[in-house]
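What follows is each chain in one-letter form.
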Amino acid sequence: MKNFKSNAWLLPQPVLIIGTYNEDGTPNAMNAAWGGQWDYHELFISLGSHATTENLKRNPEFTVAFATVDSLPAADFVGIVSAKKDPDKMKKTGWSSEKGETVDAPVFSCFPMTMECRIKEKLYESESGFYMVAEILNIQCDEKYLGADGRPDVEKMHLITFDPINNSYIELGSRVGSAFRDGLQLK
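Below is a summary of the structure that appears in this document. (Residues numbered from 1 in each chain as written. Predicted model: local features only at pLDDT ≥ 70, side-chain atom pairs only at ≥ 80, totals over all residues. Heavy atoms only, no water.)

## What about the overall build of the protein?
What counts is decided by this rule: In this text, helices come from DSSP runs of H or I with a minimum length of four residues, and strands from runs of E with a minimum of two, each type numbered from the N-terminal end. We take the radius of gyration over the C-alpha atoms and set the globule estimate at 2.2 Å times the residue count to the 0.38 power. Three labels apply to residues, based on accessible area from a 1.4 Å probe with only protein chains included: buried if under 20% of the type maximum, exposed if over 50%, partly exposed otherwise in between. Working rule for contacts: check all heavy atoms of both residues, and any pair within 4.5 Å makes them a contact. Calculation of accessible area relied on Shrake-Rupley with a 1.4 Å probe; when residues are assessed, cover is drawn exclusively from the protein chains displayed. Counting rule applied: Lys, Arg positive; Asp, Glu negative; His and chain ends not counted. Note on charges: their place is set at NZ of Lys, CZ of Arg, CG of Asp or CD of Glu.
For the protein, the count of helices and strands is 4 helices and 12 strands. Scaling as 2.2 N^0.38, a compact globule of 187 residues should have a C-alpha radius of gyration of about 16 Å, and the protein matches this with 17 Å. Dimensions of the protein, computed from C-alpha atoms along their principal axes, come out at roughly 55 × 45 × 30 Å. In the protein, buried positions account for 41% of the 187 residues. In the protein, once contacts between residues fewer than 6 apart in sequence are set aside, the share between residues at least 24 apart is 58%. By element, 52% of the accessible surface of the protein is carried by carbon and sulfur atoms, the whole surface being about 11700 Å². Looking at charge distribution, the protein has the averaged site of its 19 positive side-chain charges lying 4 Å from that of its 26 negative ones.

The structure is reproduced here in structure tokens:
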């Protein structure tokens, strides 16, 4: 075994696209990898100081979409370019959006699945950002990504994960087992 110093190498890391509205009402998006499920109906995200952070101070509602192979260049772009420095960044992505059904935040049409959320709690808020726990109020899924059972089919989505070790993106693969069932063979 080779040892490495402490790093943010929790794997896999989702590529989350957070949608908010800027002060002038225009849609904004940012790429965030440090997030996950907090509880059954909640998620958490670690945010630094961004235009998105300012937007969330004005309005605690936002969307979270999951980046895909098809959205990769623009998803990476919204993570490296700030709306504070480039107010036209969203035009460069080519993404279109509409207002969420449940929240006052944009839903970008290029993503297969989007969660509509509202901040429930901010933790360790400072000038450099905050951790947020948010309630998931609604989940929208494009019907072309539904399986025969009517539920979202993750394999159809071609989701990507962030590889912090090599600063790359990896496409998530195929189903390899059944949770809460395959382990029963060891009983």
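## Things to note about the side chain of T52
Here is the rule we go by: Any N or O atom pair separated by 3.5 Å or less is treated as a polar contact, with the protein-specific requirement of one donor-capable and one acceptor-capable atom, and with residues adjacent in sequence counted only for side-chain atom pairs.
Topologically, T52 is positioned in helix α1 (residues 51-58). Assessed through its relative accessible area of 1%, T52 is described here as buried. A distance of 3.3 Å separates the side chain of T52 from the side chain of N28, its partner in a polar contact. When neighbours within four sequence positions are excluded, T52 is seen to be in contact with I18, T20, N28 and M30.

## Observations concerning the sheet that holds strand β5 (residues 42-47)
Note the threshold: Strands are treated as partners if at least two bridges between them are detected by DSSP. Angles run from 0 to 180 degrees between N-to-C directions of axes, and those axes are lines fitted to C-alpha atoms, restricted for helices to the stretch in contact.
A sheet is described by the order of its strands in space; here 7 strands give the open sequence β3-β2-β6-β9-β10-β5-β4, paired in antiparallel fashion. Looking at the sheet topology across the chains shown, the edges are occupied by β3 (27-32) and β4 (35-39). Strand-to-strand twist across the sheet, computed as the mean angle between neighbouring axes with direction ignored, equals 35 degrees. With 11 bridges connecting them, strand β9 (residues 113-126) and strand β10 (residues 129-141) associate as antiparallel partners. Its bridge partner lying in β10, T114 is registered against Q140. Together, β2 (16-21), β3, β5, β6 (61-66), β9 and β10 form the strand contacts of α1, whose direction differs from that of β2 by roughly 50 degrees.

## Digging into empty space enclosed by the protein
The cut-off we apply is this: Cavities and pockets were defined on a 1 Å grid built from protein atoms only: a cavity is a group of points that admits a 1.4 Å probe but offers it no way out, a pocket is an open group of points flanked by protein on both sides within 12 Å along at least five of seven lines, and a lining residue is one with an atom within 4 Å of any such point. Grid points are joined across faces, edges and corners, and a volume is the space filled by probe spheres set on the points. Charged means Asp, Glu, Lys or Arg here, nonpolar means Ala, Val, Leu, Ile, Met, Phe, Trp, Tyr, Cys or Pro, and polar covers whatever is left, Gly included.
One pass over the full model with this rule turns up 1 cavity of 30 Å³ or more. The calculated volume of the largest cavity comes to roughly 40 Å³. Taken together, S49, T53, E54, K57, E125, S126, E127, G129 and F130 form the lining of the largest cavity. Elements that contribute at least two residues to the lining of the largest cavity include exactly α1, β9 and β10. If you tally residues by element for the lining of the largest cavity, the top one is α1, at 3 residues. Taken together, the residues of the lining of the largest cavity break down into 1 nonpolar, 4 polar and 4 charged.

## A few points about the packing of aromatic side chains
What describes a pair of aromatic rings is the distance from one ring centre to the other and the angle between the planes of the rings. Quick note on the threshold: Any two rings among Phe, Tyr and Trp, with Trp reduced to its six-membered ring, count as a pair given centres within 6.5 Å; such a pair is stacked if its planes are under 30 degrees apart, edge-to-face if over 60, and tilted if neither.
Tallied over the entire structure, the rule returns 6 aromatic pairs. Considering the side-chain rings of W95 and F108, the 5.4 Å spacing of their centres and the 55 degrees angle between planes classify their relative orientation as tilted. Taken together, the residues W95 in the loop between α3 (89-93) and β7 (97-99) and F108 in strand β8 (residues 106-108) connect sequence positions 13 residues apart. Comparing W95 with F108, the two get one shared label, buried. Between the aromatic rings of F162 and Y169, the centroid separation amounts to 6.1 Å while the plane-to-plane angle is 55 degrees, which identifies the pairing as tilted. A network of ring pairs unites the aromatic residues W95, F108 and F111 as a single cluster.

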